[in-house]
Amino acid sequence: MESFSATLEGHGLTLRRDRTATLQVNVGLLCNQTCRHCHLDAGPGRTESMSRRTVDEVVAYAGRCGFDCVDITGGAPELLPDLDRLMEGMAPLCRKLMLRTNLTALEGPDLEALIDRCRRLGVTLVASFPSLSANQADAQRGRGVWEKSVRMLRTLNRTGYGRNDTGLELNLVVNPAGAFMPPGQCGLEARYRRDLLRRWGISFTSLYSFANVPLGRFRRWLLSSGNYDQYLEKLSGSFNPDTISSLMCRSLVSVSWEGLLYDCDFNQAAGLSYGGSPTHVTSQSAAPPAGKPVAVGDHCYACTAGTGFT
Amino acid sequence: MESYYDPKDLGRFQEIGKEAPELARKFFDYYGAVFAEGELTEREKSLIALAVAHAIQCPYCIDAYAQACLEKGSNPAEMTEAVHVATAIRGGASLVHGIQMRKAVEKLSL
């Protein structure tokens, strides 16, 4: 397989940053689930979690940069003790605040308070929901996850999330349950919309389907199951040069639980620092400038396959 | 192990055009058109192909359309039902010939 950088070169392409409109905040690797496709190796045994000091430093960084959108992810962000502080700090600084959830981590005594906060701040929820099949979803995310996820989607609908008349966005993210490419987004969204409503009375705003990225736990599974070479060949063979101009890494900067910057969450998992060396938010007076090269690796094929990951 | 079937041969399918390129071109054009979205979705067509692959017991097709079905958003439960459809038709096709057997027996019997 040709390296990603050689493929770019072969097509006469370079990957450089555009205006940075989104700050993605990865609050840590602690998660209540141990998903087999996780590119970060997140799970219940991980202790890496954003401290209050780093939360404040990241909020201050966002204040200096003027991002349009702040996207909070993990691990499971719900498990961060200072999530409320992070959300309250970010909300006035951006037009759109997103919170990623695996749905099961929302469960618990703080659910009502968290949903109230999300509603008040107009937070967009981005929920993982990999399959209409319980078996497929549980194979990816753990036994019983699918049933809990369905229950939580219905709860969120009851609070107004995902309903047309409320303006509260509930978006679903679908990752394939294995070493294969994701279905086309349009057809999949129509099918999910029809089946979720018909079978469980669930509605949502939009659906996004993404390829699994060959890093972390998913990479280890690919190797141990003998799927690695074939999967990488599939991704690289599906390279679509038209995706380059709208790749998310061109308009997003990712910050880790330690406050270090990366061009995207996948580069964070791969240890590819923004700008080529560890860069802390406190050292930056502004957002990454347009024109700066994006660090790339072979995992980037996951974002340029087919219609891409934008 | 030596085998008549080698999974790598599927990737060489296009080589079939070496001796008869025009026929191969027509076949692959037709093949592509058949599987494009039409009155049936690509997902539905892949499920049909998977069922037919089992009916004709083509290991290349089973391999290719198991993956295609997953990539079109079908799940293993749906794919298994599709295989049962093929099985029911194959089994039914055998069983319905039993009527011929019965007719032959009736003609020969007192």
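Look a little higher up for the structure.
What counts and how
Residues numbered from 1 in each chain as written. Chains lettered and ligands numbered in written order. Predicted model: local features only at pLDDT ≥ 70, side-chain atom pairs only at ≥ 80, totals over all residues. Heavy atoms only, no water. Axes fitted to C-alpha atoms, helices over the stretch in contact; angles between N-to-C directions. Helix = DSSP H or I, 4+ residues; strand = E, 2+ residues; numbered from the N terminus. Parallel < 35°, antiparallel > 145°, perpendicular 65-115°, else oblique. Contact = heavy atoms within 4.5 Å. Pairing = 2+ DSSP bridges. Phe/Tyr/Trp six-rings, centres within 6.5 Å; stacked < 30°, edge-to-face > 60°. Lys NZ or Arg CZ within 6 Å of the ring centre and 35° of its normal. Buried area = accessible area lost by both parts, 1.4 Å probe. Salt bridge = Lys/Arg side-chain N within 4 Å of Asp/Glu carboxyl O. Polar contact = N/O pair within 3.5 Å; in protein donor to acceptor, adjacent residues only side chain to side chain. Core = buried A, V, L, I, M, F, W, Y, C linked by side-chain atoms within 4.5 Å. Buried < 20%, exposed > 50% of the residue type's maximum accessible area, 1.4 Å probe, protein only.

A. Up close: the packing of helix H4 (residues 76-96) of chain B against helix H5 (residues 98-108) of chain B. Residue and element names in this part refer to chain B. Taken N-terminus to C-terminus, the directions of H4 and H5 make an angle of 10°; their axes are 4 Å apart at the nearest point. Accordingly, the angle class assigned to the pair H4 and H5 is roughly parallel. From H4, Ser94, Leu95 and Val96 reach across to H5, where they touch Gly98, Ile99 and Gln100.

B. Quick look at the sheet that holds strand S2 (residues 69-73) of chain A. Residues and elements named next belong to chain A. Spatially, eight strands are ordered S6-S5-S4-S3-S2-S1-S7-S8 in an open sheet, and the strand pairing comes out mixed. The sheet is open, and its two edges are formed by strand S6 (206-209) and strand S8 (261-262), each paired on a single side. Two strands pair when backbone bridges link them, and strand S3 (residues 96-101) and strand S4 (residues 124-128) are joined in this way by four bridges, in the parallel orientation. When the sheet's bridge partners are listed, Leu99 is paired in S4 with Leu125. Each of strand S5 (170-174) and S6 touches helix H7 (residues 185-200); the most contacted strand, S6, lies at about 130° to it.

C. Local environment of the packing of aromatic side chains. Scanning the entire structure with this criterion turns up 16 aromatic pairs over all chains. Positioned above the aromatic ring of Phe204(A), the side-chain terminus of Arg193(A) is 4.4 Å from the ring centre.

D. Local environment of the interface of chain B and chain A. Taken together, the 10 residues of chain B in the interface contact 10 residues of chain A. Both faces considered, chain B and chain A share a buried interface measuring about 830 Å² in area, 46% of it formed by carbon and sulfur atoms. Counting the contacts that link chain B with chain A gives two salt bridges. Across the pair Glu71(B) and Lys234(A) runs a salt bridge whose closest N-O atoms are separated by 3.4 Å. Where chain B meets chain A, there are four residue pairs in polar contact (both at pLDDT 80 or more).

E. Focus on the nonpolar core. Residue and element names in this part refer to chain A. Core analysis: the largest hydrophobic core is formed by 56 residues, its most contacted members being Leu23, Val25, Met90, Phe129 and Tyr192. Sort the elements by how many residues they give to this core and helix H2 (residues 52-65) lands first, with six residues. If you look at the next biggest cluster of nonpolar residues, it comprises 28 residues, including Leu8, Met181, Phe239 and Cys300.

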